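A structural walkthrough
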Amino acid sequence: LFNGKDLTNWVEVGKEKWVVENGIIRGIATTKAYGYLKTEKNYKDFHLSIKFKCNGSGNSGVFFHSEFKPGTPDITQGLQFEVDCSVGRHTGGIYGDGRQWIVWPAPENELVVRRGEWNEYLLKVEGNRYVSRLNGVLMIDYTDPQPRSFDGAISLQLHSGGEGDMEFK
């Protein structure tokens, strides 16, 4: 998905700043709106290995099966694997598709995320089964009884509030 050099095969959605620095995708909030970096291609099922580092206090996420209202950063469909380096904010959980929180990790796993350090995130989507591992710990293994999205882009998110500063590799 990422060539390590530039944002080829990715599309910026919204007005946040996305750059490649030393082989790392960096998203920096420049407004108080949402911002996304989405793949040009759509994906149904996938296994994704990604590392992230939270530098700012805003949260983020890895959306899948995402679609946007044309010309806007408004999501019309999609789910996200949550990324938030504040303890107790459900990193590894699933949110979205108009249903708010769908599933989040067990309370004892909320301490696994590390602010200001690289976190290893392994994400799996197979049909309506979603699995996330964070720093070697199983966060969720969930089969969605009411899936609404089956295909769409993979999108990195900067949450609104103007405090996002995320790195991905």
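What comes next concerns the included structure. This is a predicted model, so every value here is computed, not measured. (Residues numbered from 1 in each chain as written. Predicted model: local features only at pLDDT ≥ 70, side-chain atom pairs only at ≥ 80, totals over all residues. Heavy atoms only, no water.)

1. Considering the pairing of strand 10 (residues 119-126)
As a reminder of what qualifies: Remark: exposure states derive from per-residue accessible area (1.4 Å probe, protein chains only) relative to the maximum for the residue type, with buried under 20%, exposed over 50%, and partly exposed in between. The helix count covers DSSP runs of H or I at least four residues long, the strand count covers runs of E at least two residues long, and both are numbered beginning at the N terminus. Note: two strands are recorded as paired if DSSP finds a minimum of 2 bridges between them.
Where burial is concerned, the two faces of strand 10 differ: the one with N119, Y121, L123 and V125 is buried and the one with E120, L122, K124 and E126 is not. Two elements, strand 5 (residues 46-54) and strand 10, share seven bridges in a ladder whose sense is antiparallel. Looking at strand 10, one finds that F46 is bridged to V125. In this structure, strand 10 lies alongside strand 11 (residues 129-134), joined through six bridges in antiparallel fashion. Counterpart to L123 in the pairing with strand 11 is S132. Counting the residues in the hairpin turn of strand 10 and strand 11 gives two residues, including G127, whose phi is positive at 60°.

2. A short note on the nonpolar core
Heads up, the condition is: What is meant by a nonpolar core is a set of buried Ala, Val, Leu, Ile, Met, Phe, Trp, Tyr and Cys residues, joined one to another through side-chain atoms within 4.5 Å.
Ranked by internal contacts, the top residues of the largest apolar core, which has 34 residues, are F52, F81, I94, Y121, Y130 and L156. Sorting elements by how many residues they give to this core places strand 5 first, with five residues.

3. Overview of the sheet that holds strand 1 (residues 10-14)
Just so we agree on the cut-off: To obtain an axis, a line is fitted to C-alpha atoms, over the contacting stretch when the element is a helix, and the angle between two such axes runs from 0 to 180 degrees between their N-to-C directions.
Within the open sheet, the seven strands sit side by side as 1-4-13-6-7-8-9. Their pairing is antiparallel. The strands lining the two open edges of the sheet, one partner per strand, are strand 1 and strand 9 (101-103). Strand-to-strand, the axes of this sheet are offset by a mean angle of 25°, without reference to chain direction. Two elements, strand 8 (residues 94-96) and strand 9, share two bridges in a ladder whose sense is antiparallel. In the strand pairing of strand 9, Y95 is matched with W101.

4. Description of the state of the cysteines
Worth spelling out the cut-off: Cysteine sulfur atoms are paired as a disulfide whenever they come within 2.5 Å of each other.
Tallied over the full model, the rule gives one disulfide. Note that C54 is cross-linked by a disulfide to C85, the S-S spacing being 2.1 Å. With the S-S dihedral at roughly 65°, the linkage between C54 and C85 falls on the right-handed side. Taken together, the residues span a long stretch of sequence, with C54 in strand 5 and C85 in the loop between strand 7 (75-83) and strand 8 at a distance of 31 residues. For C54, a relative accessible area of 2% translates into the label buried. Judged by its relative accessible area of 6%, C85 falls in the buried class.

5. Here we look at the packing of aromatic side chains
What counts, and what does not: Paired rings are identified among Phe, Tyr and Trp, the last through its six-membered ring, by centres lying within 6.5 Å, and are further divided according to the angle between planes into stacked (under 30 degrees), edge-to-face (over 60) and tilted (the rest). Note on criteria: charge over ring means Lys NZ or Arg CZ within 6 Å of the ring centre, with the direction from the centre no more than 35 degrees off the ring normal.
Within the structure shown, the criterion is met by nine aromatic pairs. Their ring planes at 10° and their centres at 6.4 Å tell us that Y34 and Y36 sit as a pair that is stacked. Classification of Y34 as partly exposed rests on a relative accessible area of 33%. What links up through ring pairs into an aromatic cluster is the set Y34, Y36, F63 and F68. Residue placement shows K169 over the ring face of W118; its charged tip is 4.4 Å from the ring centre.

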